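# Residue-level structure breakdown
Listed below, chain by chain, are the residues.
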Amino acid sequence: EKTEKILAEMKSTFGSYTVFGNHDIEEPILGGFTFPSKSAKVTDPRFVDFVKKSNMTILSDESVLIDNSFYVVGRRDREEPGNEDKSRLTPEELISGLNTSKPIIDLEHEPAGLKEVSDAGFDLDLCGHTHAGQIFPGTLIIHLFWENPWGYEKVGNMQNIVTSGVGSFGPYMRTLCDSEICNIHVTFN
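Below, the structure is looked at part by part. This structure is a prediction, so every number in the text was calculated from the model and none was measured.

### Focus: the packing of aromatic side chains
Enumeration over the complete set of coordinates arrives at two aromatic pairs. Seen in terms of ring centroids, phenylalanine 14 and phenylalanine 70 are 6.0 Å apart; in terms of plane orientation they differ by 85 degrees. Their pairing is edge-to-face. Within this pair, whereas phenylalanine 14 is found in the loop between helix H1 (2–8) and strand E1 (17–18), its partner phenylalanine 70 is found in strand E6 (residues 70–74), the two being separated by 56 residues in sequence. Judged by its relative accessible area of 38%, phenylalanine 14 is partly exposed. Where phenylalanine 70 meets phenylalanine 188, the ring centres are 5.1 Å apart and the plane angle is 35 degrees; that geometry is what we call tilted. Taken as a pair, phenylalanine 70 in strand E6 and phenylalanine 188 in the segment after strand E10 (158–162) lie far apart in primary sequence, 118 residues in all. When its relative accessible area of 11% is taken as the criterion, phenylalanine 70 is described as buried. One aromatic cluster in this structure is built from Phe14, Phe70 and Phe188.

### Overview of unusual backbone geometry
Notably, asparagine 55 is not glycine yet its phi reads approximately 60 degrees, a positive angle. Looking at the element boundaries, asparagine 55 is found in the loop between helix H2 (45–53) and strand E4 (57–58).

### Side note on the side chain of arginine 75
The topology assignment puts arginine 75 in the loop between E6 and helix H3 (91–95). Arginine 75 sits in the buried class, given a relative accessible area of 5%. Polar contacts involving the side chain of arginine 75 include one to the side chain of glutamate 108, which spans 3.4 Å.

### Quick word on the side chain of aspartate 77
For aspartate 77, the position within the fold is in the loop between E6 and H3. Notably, aspartate 77 is buried but unbridged: the nearest opposite-charge side chain belongs to arginine 88, and the N-O separation is 6.2 Å. Setting aside residues up to four positions removed in sequence, aspartate 77 forms contacts with Phe20, Gly21, Asn22, Arg88, His109 and Glu110.

### A word on the nonpolar core
Tyr71, Val73, Leu94, Ile95, Leu98, Ile104, Leu114, Val117, Ala120, Phe122, Val155 and Met158 together form the largest nonpolar core, which totals twelve residues. The set of elements that each furnish at least two residues to this core consists of E6, H3 and helix H4 (114–120). When residues in this core are grouped by element, the largest group, three residues, is from H4. The next biggest cluster of nonpolar side chains, apart from the first, holds nine residues, and it includes Val19, Phe70, Val72 and Ile161.

### Considerations on the pairing of strand E8 (residues 124–127)
As judged from the three bridges shared by strand E7 (residues 104–107) and E8, these two strands associate in the parallel manner. Note that in E8 the partner of leucine 107 across the bridge is leucine 126. Note that the unit made of E7, H4 and E8 has a crossover that is right-handed. Across four bridges, E8 lies against E10 in parallel orientation. Across the sheet, the residue bridging to leucine 126 is isoleucine 161, located in E10.

### Quick look at the pairing of E10
Consecutive side chains along a regular strand alternate between the two faces of the sheet. The buried count for E10 comes to four of five residues, which makes it a mostly enclosed element. Judged from the five bridges that link them, strand E9 (residues 151–155) and E10 form a sheet pairing that is antiparallel. Residue tyrosine 152 lies in a different strand from E10, and its bridge partner there is isoleucine 161. The loop that links E9 with its antiparallel partner E10 comprises two residues; one of these, glycine 156, has a positive phi angle of about 60 degrees.

### Details of a nonpolar patch on the surface
On the surface, Phe136, Leu140, Ile141, Leu144, Phe145 and Leu176 cluster together into a nonpolar patch covering about 670 Å² of accessible area. With respect to the helices, strands and loops of the structure, leucine 140 is situated in helix H5 (residues 138–141).

Criteria and thresholds
Residues numbered from 1 in each chain as written. Predicted model: local features only at pLDDT ≥ 70, side-chain atom pairs only at ≥ 80, totals over all residues. Heavy atoms only, no water. Phe/Tyr/Trp six-rings, centres within 6.5 Å; stacked < 30°, edge-to-face > 60°. Helix = DSSP H or I, 4+ residues; strand = E, 2+ residues; numbered from the N terminus. Buried < 20%, exposed > 50% of the residue type's maximum accessible area, 1.4 Å probe, protein only. Polar contact = N/O pair within 3.5 Å; in protein donor to acceptor, adjacent residues only side chain to side chain. Lys, Arg positive; Asp, Glu negative; His and termini not counted. Salt bridge = Lys/Arg side-chain N within 4 Å of Asp/Glu carboxyl O. Contact = heavy atoms within 4.5 Å. Core = buried A, V, L, I, M, F, W, Y, C linked by side-chain atoms within 4.5 Å. Pairing = 2+ DSSP bridges. Right-handed = clockwise from strand over helix to strand, strands pointing away. Patch = residues over 30% accessible without salt bridge, like charges linked within 9 Å, V, L, I, M, F, W, Y side chains within 5 Å. Areas by Shrake-Rupley, 256 points an atom, 1.4 Å probe, with all protein chains shown as cover.

Written as structure tokens, this is what we have:
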């Protein structure tokens, strides 16, 4: 409830947008660790309620045109899209029908398929998921699993930023990396 209140009080000129991640589904959790389940992977209604009370808009394989100036596109998660058939749109399908002369910002939980996202025509790709490795030795080997495990990377004509996150999921500890909230200043030409 405290986090909902803090997020709800954020001031935003054009609104606050989010996408769900791989743990925003109904799944058993113990001590910050998740466990496999045979039940269908569906979005946890508690997260939907949290996002609404936080005055954010969920984008799930959909886009919104902001101030007739730029688009924000939100993708379903790659691992757990929150629907039983595990479907999600491709980057090309997401961008189809958008005016590509306007900047297009992609919100995606996992930084996967960056070249595909860049080739589709996205200008900025904002991700999380990796926790920058979170716990030693993950912090040292995370780069083996992700093209951009944390920080900034230019892929083709697209800018990609991956945040390590605030540290509110998984075991509540981090070694050799920090929790963060990224302040990104974007200028459109």
